[in-house]
Amino acid sequence: MLTYLARRIGQSLLTVFLTLTTVFLLVRLAPGDPAAAYAGPTATSADLDAVRAKFGLDEPLVNQYGIFLRDLFTGNLGTSYSFHSPAFDVVMSRMPYTITLAVSAIAVTALVAVPLGVWMARRADTKRELGANVLTIAGQSMPDFWTGVMLLTVFAVLLPVLPASGFTSWSGLVLPTVTVAVLQLALVSRLVRREMTTALAAPYTTVARSRGVAERALAWRYGLRNSAVPLLTALGTRFAALLNGVVVVEVVFGWPGVGSLVVRALATRDYPLIQATVLVTATLAILVQLLVDLAYPLLDPRVRLGKAA
Amino acid sequence: MTEHTTPLLDVTDLQVELITARGVVRAVDGVSFTVHRGETVTLIGESGSGKSTTAMGVLRLLPDGLAVLSGSVRIAGRDVVADPGVAHAVRGRTVSLIPQDPMTALSPVHTIGRQLGDALRLRHPELSRTQARARGVELLAQVHITKPETRWKAYPHQFSGGMLQRILIAIALAGEPELLVADEPTSALDATVQASILDLLMELQERTGIGMLMITHDLGVARLVSDRIHVMKDGRFVESGPAEQIVARPAAPYTRELLSAVPRLGAWDEGEPVRQGAAS
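Residues numbered from 1 in each chain as written. Chains lettered and ligands numbered in written order. Predicted model: local features only at pLDDT ≥ 70, side-chain atom pairs only at ≥ 80, totals over all residues.

In the nomenclature of an unreviewed UniProt entry, chain B corresponds to ABC transporter ATP-binding protein from the organism Streptomyces shenzhenensis. For chain B, the Subcellular location (unreviewed entry) comment in UniProt is given as "Cell membrane". We quote the UniProt Sequence similarities (unreviewed entry) comment for chain B here in full: "Belongs to the ABC transporter superfamily." (UniProt positions renumbered as here; feature names shortened; annotations may be inferred.)

Going by an unreviewed UniProt entry, chain A carries the name ABC transporter permease and comes from Streptomyces shenzhenensis. Annotation of chain A in UniProt includes, under Subcellular location (unreviewed entry), the sentence "Cell membrane". Regarding chain A, the UniProt comment filed under Sequence similarities (unreviewed entry) reads as follows: "Belongs to the binding-protein-dependent transport system permease family."

Structural data, given as structure tokens:
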């Protein structure tokens, strides 16, 4: 167990490191000049040189990378060009909002998609199941900016019951949560439906039925419980993805999370801020995956960590 | 068995039609038989003869949309074909199933104690978890599971097939049934384990007077446990009678074929019947 954990943590550190290196190179390969973005349209070439010198961008790439690594190991992720404060602090000030939205969206997804999937499995191949499928797939097919704008139009403009933008009260969480959850519903409910259908056709279900277990208990106790591993995997993957920030939804709703921060960091070519964002979100995503993996043996006693990995 | 007692199981002209990809298959074509208290009645036949379909039809465990039943199946006098609600009412109380493959018959993510405890509490909702556990441990001891207290919390994958079949027998007994339907209870087990499971079933029958419907393709099993045997082929009974008579003086050519198929050391060219048909 400890060996497994040590190996997984080692792998995770390597993954984060490689991700950071890739991002370091990609932002510098991409067109655009942070100095120009920083100094503004009226800057002279002398101004630009001064800015580059200030940020260390006049150094050769290899040296920049060396400095980046040296700073990284001392816990310094650099100063954001546009915020004029440590990039790490800027990212961390946004994380609570992203985490709040991610937790709330995944919770709503699970609370709706799991019972819906169970319901669909129990009415497999009926017209009502088809109807549920059509509705969730329609939700998945609608682009999030469109869903978001429609929800805003209805619930913030036509019937002004919810705030349109920002996070001033908990009611501001409702529309972004719904917009994100609508995208996940089809995926998760159909996964539950598929896994449940398999479990409900398994011999142990028939044998349980033969000893008088009611259909409802068969679905929830035997069917859903035997579908727990793939369900947790799907929810974990979705959750990790949401932690990276839901860029479009955050922009539509003026949500002060990491997603809208990334948009701004990219627009201003704010290298330290981009790198700090990637470090934090990648670490969180990997942590979530690790927790999901650690939960497998609790959900399925046949899984032994580190044996087949 | 006197004439005027109601049989535990009274099947009259049962037909089962299965809807398959290749059309409707009449898997069971009008069979009639009875099982009384303390009696073992065996349906014997090869794969596809309809014997397992008959057993699952009796319990109404065939998928609703894929199987159509007609005729009548009276369990303790109540017809499960006419009223599916009766099947819900008698399963796990009047009648229990011992399944074909013990390795897949228990939920892999629940402990055996949980599954046995649930079965006990379904029959006796007034039992607390602790009381159910005490009863369950007793039942496990009755089916000769050693150290039942420590095994209560074990998962199915931690047991051998033979032990799982004993546990499944304990779970079937949890409902205090009057009738056991044993659907090839030994065919997934090693030969040495088979005998011990059959011994256990006969021991239970002697003690409790339970009636048993045994499904098998194995004439050795049938000879050992049965009072009466029905030989089944293509959904019909080709021969029925007391066990000794069927084995000693088979009348139908198919029964003789089945008897000659019992493996023994001999010439290679001895008949090995292979038939095609609906899955059993």
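This is not the end of the story, as more comes after the structure.
**Student:** Before we move on, can you summarise the overall build of chain A with the specific residues and values?
**Tutor:** Counting secondary structure elements, chain A contains 14 helices and zero strands. Tracing chain A from N to C terminus, the helices and strands come up as α-α-α-α-α-α-α-α-α-α-α-α-α-α. Judged by the C-alpha coordinates and their principal axes, chain A covers about 85 × 60 × 30 Å. Residue burial in chain A is summarised as follows: out of 309 residues, 35% are buried. Partitioning the intrachain contacts of chain A with sequence separation of at least 6 by distance along the chain shows that 72% fall at a separation of at least 24. (Helix = DSSP H or I, 4+ residues; strand = E, 2+ residues; numbered from the N terminus. Buried ≥ 20, exposed ≤ 12 C-beta atoms within 10 Å, placed from the backbone. Contact = placed C-beta atoms within 7 Å.)

**Student:** Give me the lowdown on the UniProt feature "transmembrane region" (unreviewed entry) in chain A, citing residues and values where you can.
**Tutor:** All names here are of chain A. UniProt records the feature "transmembrane region" (unreviewed entry) for residues 97-121, 142-162, 168-188, 231-253 and 273-299 in the present numbering. In residues 168-188, the share of helix is 71% and the share of strand is 0%. The end C-alpha atoms are 30 Å apart. In the segment residues 273-299, helix accounts for 100% and strand for 0%; the C-alpha atoms at its two ends are 39 Å apart.

**Student:** Account for the interface of chain B and chain A, naming residues and giving values.
**Tutor:** Between chain B and chain A, the contact holds 22 residues from the first and 17 residues from the second. Breaking the side of chain B that touches chain A down by element, the ones donating at least two residues are strand 6 (95-98), helix 3 (112-123) and helix 6 (161-174) of chain B. Within the side of chain B that touches chain A, the residues separate by chemical class into 13 nonpolar, six polar and three charged. (Nonpolar A, V, L, I, M, F, W, Y, C, P; charged D, E, K, R; others polar.)

**Student:** How would you summarise the environment of A:F68 if you had to cite specific residues and measurements?
**Tutor:** Relative to the helices and strands, A:F68 is located in helix 4 (residues 61-73). For A:F68 and A:P272, which are 204 residues apart along the polypeptide, the C-alpha to C-alpha distance reads 9.1 Å.

**Student:** Talk me through the environment of A:V263; I want residue IDs and the actual numbers.
**Tutor:** Residue and element names in this part refer to chain A. Mapping V263 onto the fold places it in helix 13 (residues 258-267). Exposure remark for V263: the 15 C-beta atoms within 10 Å place this residue in the partly exposed category. Linking V263 and A208, residues 55 residues apart in sequence, is a C-alpha distance of 54 Å. Setting aside chain neighbours within four positions, we find V263 in contact with V247 and V251.

**Student:** So what about the pairing of strand 8 (residues 211-216) of chain B? Which residues, and what values?
**Tutor:** Residues and elements named next belong to chain B. With six of its six residues buried, strand 8 lies for the most part within the structure. Both strand 3 (residues 40-44) and strand 8 contribute to a ladder of five bridges, which runs parallel. For V41, the partnering residue across the bridge sits in strand 8 and is L213. Pairing of strand 7 (residues 179-183) with strand 8 involves five bridges; the strand directions are parallel. Bridge pairing links D183 to I215 in strand 8. Considered for its hand, the β-α-β crossover made up of strand 7, helix 7 (residues 191-208) and strand 8 is right-handed. (Pairing = 2+ DSSP bridges. Right-handed = clockwise from strand over helix to strand, strands pointing away.)

**Student:** Can you lay out the packing of helix 5 (residues 87-122) of chain A against helix 13 of chain A for me, pointing to particular residues and giving the numbers?
**Tutor:** Residues and elements named next belong to chain A. Between helix 5 and helix 13, the shortest axis-to-axis distance is 8 Å and the interhelical angle comes to 140 degrees. As summarised for this structure, helix 5 and helix 13 are arranged oblique, according to the angle between their axes. Of the residues in helix 13, those in contact with V91, R94, M95 and T98 of helix 5 are V258, G259 and L261. (Axes fitted to C-alpha atoms, helices over the stretch in contact; angles between N-to-C directions. Parallel < 35°, antiparallel > 145°, perpendicular 65-115°, else oblique.)

**Student:** Could you give an account of helix 8 (residues 174-200) of chain A, naming the residues involved and the relevant values?
**Tutor:** At A:Q184, helix 8 of chain A shows its maximal bend, which comes to roughly 40 degrees. With 19 of 27 residues buried, helix 8 of chain A is to be regarded as a mostly interior element. (Bend = angle between axes of the 7 residues up to and from the residue.)

**Student:** Any chance you could break down the UniProt feature "domain: ABC transporter" (unreviewed entry) in chain B for me, citing the residues and the numbers?
**Tutor:** According to UniProt, the "domain: ABC transporter" (unreviewed entry) feature falls on residues 9-259 of chain B. Taken as a whole, residues 9-259 of chain B contains 39% helix and 27% strand, while its terminal C-alpha atoms sit 27 Å from one another.

**Student:** Describe the pairing of strand 9 (residues 228-233) of chain B, naming the residues involved and giving the relevant values.
**Tutor:** All names here are of chain B. With five of six residues buried, strand 9 lies mostly within the body of the structure. Pairing of strand 3 with strand 9 involves four bridges; the strand directions are parallel. Within strand 9, the residue paired with L43 across the bridge is H230. As paired strands, strand 9 and strand 10 (residues 236-242) are joined by six bridges and run antiparallel to one another. Residue pairing across strands places H230 opposite S240, the latter belonging to strand 10.

**Student:** A description of the nonpolar core should follow, citing residues and the corresponding values.
**Tutor:** One finds B:A170, B:L179, B:V181, B:A182 and B:L213 to be the most contacted residues of the largest nonpolar core, which totals 139 residues. For this core, the leading source of residues is helix 5 of chain A, giving 16 residues. Excluding anything up to four places from it in sequence, B:V181 contacts B:A55, B:V58, B:L59, B:V95, B:L97 and B:L213. Judged by nonpolar contacts, the second largest core, of five residues, contains A:Y38, A:V51, A:L57 and A:Y81. (Core = buried A, V, L, I, M, F, W, Y, C linked by C-beta atoms within 7 Å.)

**Student:** Can you lay out the confidence of the model for chain B for me, pointing to particular residues and giving the numbers?
**Tutor:** Note: predicted coordinates in regions of low pLDDT should not be interpreted at a detailed level. Residue and element names in this part refer to chain B. For chain B, the average pLDDT comes to 89, and 92% of its residues sit at 70 or higher. For residues 276-280, every residue scores under 50 in pLDDT, and the model assigns this stretch 16 contacts once sequence neighbours within four places are set aside. In the predicted assembly, ipTM is 0.86 and pTM is 0.82. (pLDDT = per-residue confidence, 0-100.)

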